[in-house]
Amino acid sequence: MDLRQLEYFVAVAEERSFTRAAERVHISQSGVSAQIRQLERELGAELFDRSARAATLTAAGQAALGHARAALSAAGSVSQAVGDVTDLIRGRLTVGMVTGCTITPLFDALAAFHRAHPGVEVRLLEDTSDRLVDGVRSHTLDLALVGSAAAEHEGLDSMTIVSERIVAAVPADHPLAKRSSVTLRDVSAHPVVCMPPGTGLRTVFDEACAAQGLRPVIALEASAADAVAGLAARGLAVAVLSASMAAPHDGRLTARTIDDATSPALLSLVWKPDRSPAAREFLRYGRRAFTGGSDERADGRVTTT
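Quantities reported herein were computed from a predicted structural model and do not represent experimental measurements. (Residues numbered from 1 in each chain as written. Predicted model: local features only at pLDDT ≥ 70, side-chain atom pairs only at ≥ 80, totals over all residues. Heavy atoms only, no water.)

*Asks:* I keep staring at the side chain of H117 and nothing clicks. Help me out?
*Replies:* Residue position: H117 is located in the loop between α5 (104-116) and β4 (121-127). Note on H117: relative accessible area 17%, which makes it buried. A polar contact is formed between the side chain of H117 and the side chain of E281, at a distance of 2.9 Å. (Helix = DSSP H or I, 4+ residues; strand = E, 2+ residues; numbered from the N terminus. Buried < 20%, exposed > 50% of the residue type's maximum accessible area, 1.4 Å probe, protein only. Polar contact = N/O pair within 3.5 Å; in protein donor to acceptor, adjacent residues only side chain to side chain.)

Next up, the structure:
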């Protein structure tokens, strides 16, 4: 008895025809019949009633069918497992990261993965969140860390890493610094420095302004949070940042949560459901690093762009 015979047996049982089964497994009908006969001799019982026009299972055939399917499934699982390990040993992992985003846990996860699987080529690419999401959908990237205004991305699985409100950050002598609360209309009365379109934080800000019919003047754009903060600190514009982006600049900027921008800026790890073996393995390290379950995680600033 071999797997080929079991495959032919299942094909005939499901097609109820030796002819259609032969077409399905791509060999001649006589070849299928000969293999089924050999299987029946080995088992000591007929598996099909050949007296009718359709090939119907005998009692022995019915008893054998479930076990045959299970054996084929198990063999397929063995092949898949070996294939995954082979692909992982020789594969490539391409991870995307939104431009200007400093994520220590991501670096920790990449380092731990590389130590465990040195044969996998690891690549890290930066881009805007929109283009990174497109890259994951098209399989150009295995996974990506993206900023967004929505927790879900069509066709992708995701894990939210950070969810926080956006703030207006200004020097201490700026009029907004003297206010106890700040609204989008207050911010829009001044030039704004912000992340470029295609980033999650910019999407949150633009959508919040559009909902109120506001059209702020985006005087300056920068991809890095430190650059946005630096421009605001010099009095050029009001910086729109996430809370954690503004926090390191507390000495030179005053941050005020924008009260009516209630939708948070999100930072998420996204991937395709049919991910590669390398991506599937990296997710184990990613989940551990981002949830604090790894001793190797180092504390670091998380910025959401």
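*Asks:* Where do I start with the pairing of strand β7 (residues 166-170) in this structure?
*Replies:* Of all the five residues making up β7, five are buried; the element is thus mostly covered by neighbouring parts of the structure. Here β7 shows two buried faces, one formed by I166, A168 and V170 and the other by V167 and A169. Where β7 and strand β10 (residues 238-242) come together, four bridges link them in antiparallel fashion. Bridging from a neighbouring strand, A168 pairs with V240 of β10. (Pairing = 2+ DSSP bridges.)

*Asks:* I'm lost on the environment of V217 in this one. Help?
*Replies:* Counting through the fold element by element, V217 comes out in the loop between α8 (200-211) and β9 (218-221). Using a relative accessible area of 55% as the deciding quantity, one classes V217 as exposed. Setting aside anything within four residues of it in sequence, one finds V217 in contact with H190, P191 and V192. (Contact = heavy atoms within 4.5 Å.)

*Asks:* Which parts of the structure should I look at to understand the pattern of salt bridges?
*Replies:* Side-chain pairs of opposite charge can arise where the charged atoms are in close proximity. On inspection of all chains with the given rule, the structure shows 14 salt bridges. A salt bridge links R24 to E15; the shortest N-O distance between them is 3.2 Å. Ionic pairing is found between R179 and D186, a salt bridge with its closest N-O pair at 3.4 Å. Judged by its relative accessible area of 17%, D186 is buried. (Salt bridge = Lys/Arg side-chain N within 4 Å of Asp/Glu carboxyl O.)

*Asks:* Before we go on, may I ask you to explain the side chain of K272 in this structure?
*Replies:* Position of K272 relative to the elements: it lies in the loop between β12 (265-271) and α11 (277-290). For K272, the contacting residues outside a window of four places in its chain are V136, R137, H139, D142, G155 and L156.

*Asks:* Please clarify how the packing of helix α2 (residues 18-25) against helix α3 (residues 29-43) should be interpreted in this entry.
*Replies:* To describe two helices that pack against each other, one gives the angle between their axes and the distance between the axes. The geometry of α2 relative to α3 is characterised by a closest axis approach of 8 Å and an angle of 105 degrees between their N-to-C directions. In terms of orientation, α2 and α3 fall into the roughly perpendicular class. Listed contacts from α3 to F18, T19, A22 and V25 of α2 are Q29, V32, S33 and I36. Looking at the contact of α2 with α3 residue by residue, the classes come out as five nonpolar, three polar and no charged. (Axes fitted to C-alpha atoms, helices over the stretch in contact; angles between N-to-C directions. Parallel < 35°, antiparallel > 145°, perpendicular 65-115°, else oblique. Nonpolar A, V, L, I, M, F, W, Y, C, P; charged D, E, K, R; others polar.)

*Asks:* Would you take a moment to explain the nonpolar core for this structure?
*Replies:* If you look at soluble globular proteins, the nonpolar side chains tend to sit buried side by side. Formed by 36 residues in total, the largest nonpolar core has its most connected members in I166, L184, V187, F205, V240 and L241. The residues touching V240, leaving out its near neighbours within four places in the chain, are I166, V167, V187, V192, V193, C194, L201, F205 and V228. Counting residues in each nonpolar core, the second largest holds 34 residues, with L110, A144, V146 and A278 among its members. (Core = buried A, V, L, I, M, F, W, Y, C linked by side-chain atoms within 4.5 Å.)

*Asks:* Would you take a moment to explain the packing of helix α1 (residues 3-15) against α2 for this structure?
*Replies:* Relative orientation of the contacting elements α1 and α2 amounts to 130 degrees, with a least axis distance of 8 Å. As judged from the angle between their axes, α1 and α2 are oblique. α2 is crossed by α1, and the crossing has right-handed handedness. When α1 is examined against α2, the residues E7, Y8, V10, A11, V12, E14 and E15 are found in contact with a partner set consisting of F18, R20, A21, R24 and V25. (Left-handed = near helix turned anticlockwise from the far one by under 90°.)

*Asks:* What am I meant to see in the pairing of strand β5 (residues 143-148) here?
*Replies:* Along any regular strand, the residues point their side chains to alternate faces of the sheet. For β5, the tally of buried residues reaches six of six residues, placing the bulk of the element in the interior. As defined by bridge partners, strand β3 (residues 92-98) adjoins β5 across three bridges and the pair is classed as parallel. In the strand pairing of β5, G96 is matched with A144. Note that β5 and β12 share six bridges and pair antiparallel. Looking across to β12, one finds that L145 is bridged to L269.

*Asks:* When you look at the sheet that holds β9 in this model, what are you seeing that I'm missing?
*Replies:* Strand pairs in the sheet, formed through backbone hydrogen bonds, run parallel or antiparallel to each other. Strand order across the open sheet formed by five strands is β9-β8-β10-β7-β11, with mixed pairing between neighbours. Strands with a single pairing partner mark the edges of an open sheet, and in this sheet they are β9 and β11 (254-257). Here the average twist between neighbouring strands, direction ignored, is 35 degrees. Here strand β8 (residues 192-194) runs beside β9; their pairing, made up of three bridges, is parallel.

*Asks:* What am I meant to see in the sheet that holds strand β6 (residues 157-164) here?
*Replies:* Strand order in the open sheet made by the five strands is β4-β3-β5-β12-β6, with mixed pairing throughout. Two strands close off the open sheet at either side, each with one partner strand: β4 and β6. The mean inter-strand angle of the sheet, taken between neighbouring strand axes irrespective of direction, is 20 degrees. Both β3 and β4 contribute to a ladder of seven bridges, which runs parallel. Within the sheet, the bridge partner assigned to G96 lies in β4 and is L125.

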